[in-house]
Amino acid sequence: MVHLNFLDRLTQSLDDLEQAVKQARKQISKSKSTKEDTKNIILTRLDNYDQILSKQRTLKAELAQYLISGNEEEVMDRVTRINGLSQFILEDAKDILAIMGNKNRDIDDEDKWN
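Residues numbered from 1 in each chain as written. Predicted model: local features only at pLDDT ≥ 70, side-chain atom pairs only at ≥ 80, totals over all residues. Heavy atoms only, no water.

**Q** I would appreciate a short explanation of the overall build of the protein in the present structure.
**A** A count of helices and strands for the protein gives four helices and zero strands. Tracing the protein from N to C terminus, the helices and strands come up as α-α-α-α. Among the 114 residues that make up the protein, the fraction classed as buried is 31%. Nonlocal contacts in the protein, meaning residues at least 24 apart in sequence, comprise 63% of its contacts between residues at least 6 apart. Surface exposure of the protein reaches about 7600 Å², of which carbon and sulfur atoms provide 52%. (Helix = DSSP H or I, 4+ residues; strand = E, 2+ residues; numbered from the N terminus. Buried < 20%, exposed > 50% of the residue type's maximum accessible area, 1.4 Å probe, protein only. Contact = heavy atoms within 4.5 Å. Areas by Shrake-Rupley, 256 points an atom, 1.4 Å probe, with all protein chains shown as cover.)

Shown next as structure tokens:
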């Protein structure tokens with residue numbers, strides 16, 4: 001039962017993150033104060049988030065199987081990988097927000113974003 005609760009919370013977190021990405025995409029697309037190049041780079045980052053979310057869902061399915069079988073090593077591996085991917089999104093999103101909040105700053109170092 002504890003496993004199901006954990007998986008339910010993980011599913012909800014991934015669903016919430018997916019909704020946040022959709023909302024961000026909508027807001028960036030509507031933004032009139034953001035340069036077009038900057039918009040395109042941010043939208044590309046959001047597309048990458050979609051790919052990361054897909055990978056996290058795959059890892060969650062694997063995690064569920066390892067929870068059922070009791071393979072603690074693989075459970076910890078999947079949890080670590082899911083958390084690492086979430087941390088990547090969080091750090092990248094903070095950078096995007098910092099750029100969006102600083103109108104004098106532009107995304108001019110594309111290597112940072114790729």
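Next, the rest of the story.
**Q** Can you help me understand helix H2 (residues 36-69) in this one?
**A** Working note: α-helix, 3.6 residues per turn, so residues spaced by three or four point in the same direction. In this model, H2 (34 residues) spans 50 Å end to end at C-alpha, consistent with the 50 Å of a helix rising 1.5 Å per residue. After H2 finishes, the residue glycine 70 shows a positive phi value of roughly 80 degrees. (Expected span 1.5 Å × (residues − 1).)

**Q** Help me understand the pattern of salt bridges in this model?
**A** It is possible for side chains bearing opposite charge to pair when their charged atoms get close. According to the stated counting rule, one finds ten salt bridges in the structure shown. One salt bridge in this structure joins arginine 57 and aspartate 15, with 2.9 Å as the shortest N-O distance. With arginine 57 in helix H2 and aspartate 15 in helix H1 (residues 2-30), this pair connects stretches of sequence that are 42 residues apart. The exposure class assigned to arginine 57 is partly exposed, which follows from its relative accessible area of 26%. Given a relative accessible area of 28%, aspartate 15 falls into the partly exposed group. Taking the shortest distance from any N to any O, the salt bridge between lysine 94 and glutamate 91 comes out at 3.8 Å. (Salt bridge = Lys/Arg side-chain N within 4 Å of Asp/Glu carboxyl O.)

Without other data, these values stay purely geometric and don't point to any function.
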